[in-house]
Amino acid sequence: IYLKKIEYQKSKDALTEALEIRKEFADKSLDMYGLDYTLAMKDMAMLYREQKQYEEGKKMMGEAISVLRNLVSKDKDTYNIFLSQVLTDYGQILMDTEEFAESEKALTEAYEIDSIQTAKFPGAYEHERGMTLSKLGYLYEELKRYDEAERMLLQSVEIDRKLEKENPEANE
């Protein structure tokens, strides 16, 4: 709520407290509390991004990715989608800092995960795949790789149209 109200210090204080509590729990049982911990790190990283504190955001995302990779090694079906989401947000931060090769690597990995999850669970992860395609499209546009950008963005729009057709009430 504080972030939406642009009260960054209150946001940071609340997230710092949540992060400390979740880390304490995760240290006791990563399998049980690791996801909560990584999502708190992701939220803090996005706050850092909002404040243009990119190095802090990248560090926080790196730690979240490391924990998630550990969780994915134990249960892909449960944790892969969260890894994809964190990689996508990490790719955004890297794009902001013009680390385009690393951004492409993160976004491509996220897209590959989304594609695997969509194939395994049709319909469940299509929205995530579309969002990742869109971010890849914006990256390629930034890199002046216009043909690739167009292909990614058109695929993203196609997914949006398909989802809208399948779930018309979602836009009401």
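Refer to the structure above for everything that follows.
Residues numbered from 1 in each chain as written. Predicted model: local features only at pLDDT ≥ 70, side-chain atom pairs only at ≥ 80, totals over all residues. Heavy atoms only, no water.

Thoughts on the overall build of the protein
Here is step 1: When its secondary structure is counted, the protein shows seven helices and zero strands.
Here is step 2: Relative to the globule expectation of 16 Å for 172 residues, the C-alpha radius of gyration of the protein, 17 Å, shows essentially globular dimensions.
Here is step 3: In terms of overall dimensions, the protein has C-alpha extents of about 45 × 35 × 35 Å along its principal axes.
Here is step 4: For the protein, the residues scored as buried account for 41% of the 172 residues in total.
Here is step 5: Expressed as a percentage of contacts within the protein between residues at least 6 apart in sequence, the contacts between residues at least 24 apart total 56%. (Helix = DSSP H or I, 4+ residues; strand = E, 2+ residues; numbered from the N terminus. Rg over C-alpha atoms; globule rule 2.2 N^0.38 Å. Buried < 20%, exposed > 50% of the residue type's maximum accessible area, 1.4 Å probe, protein only. Contact = heavy atoms within 4.5 Å.)

So, the packing of aromatic side chains
Here is step 1: For the structure on display, the rule yields two aromatic pairs.
Here is step 2: Aromatic pair Phe-25 and Tyr-33: ring centres 4.9 Å apart, planes at 35°, arrangement tilted.
Here is step 3: Of the residues examined, Tyr-33 reaches a relative accessible area of 27% and is grouped as partly exposed.
Here is step 4: Here Phe-121 and Tyr-125 contribute two aromatic rings whose centre-to-centre distance is 6.0 Å and whose plane-to-plane angle is 70°, an arrangement assigned as edge-to-face. (Phe/Tyr/Trp six-rings, centres within 6.5 Å; stacked < 30°, edge-to-face > 60°.)

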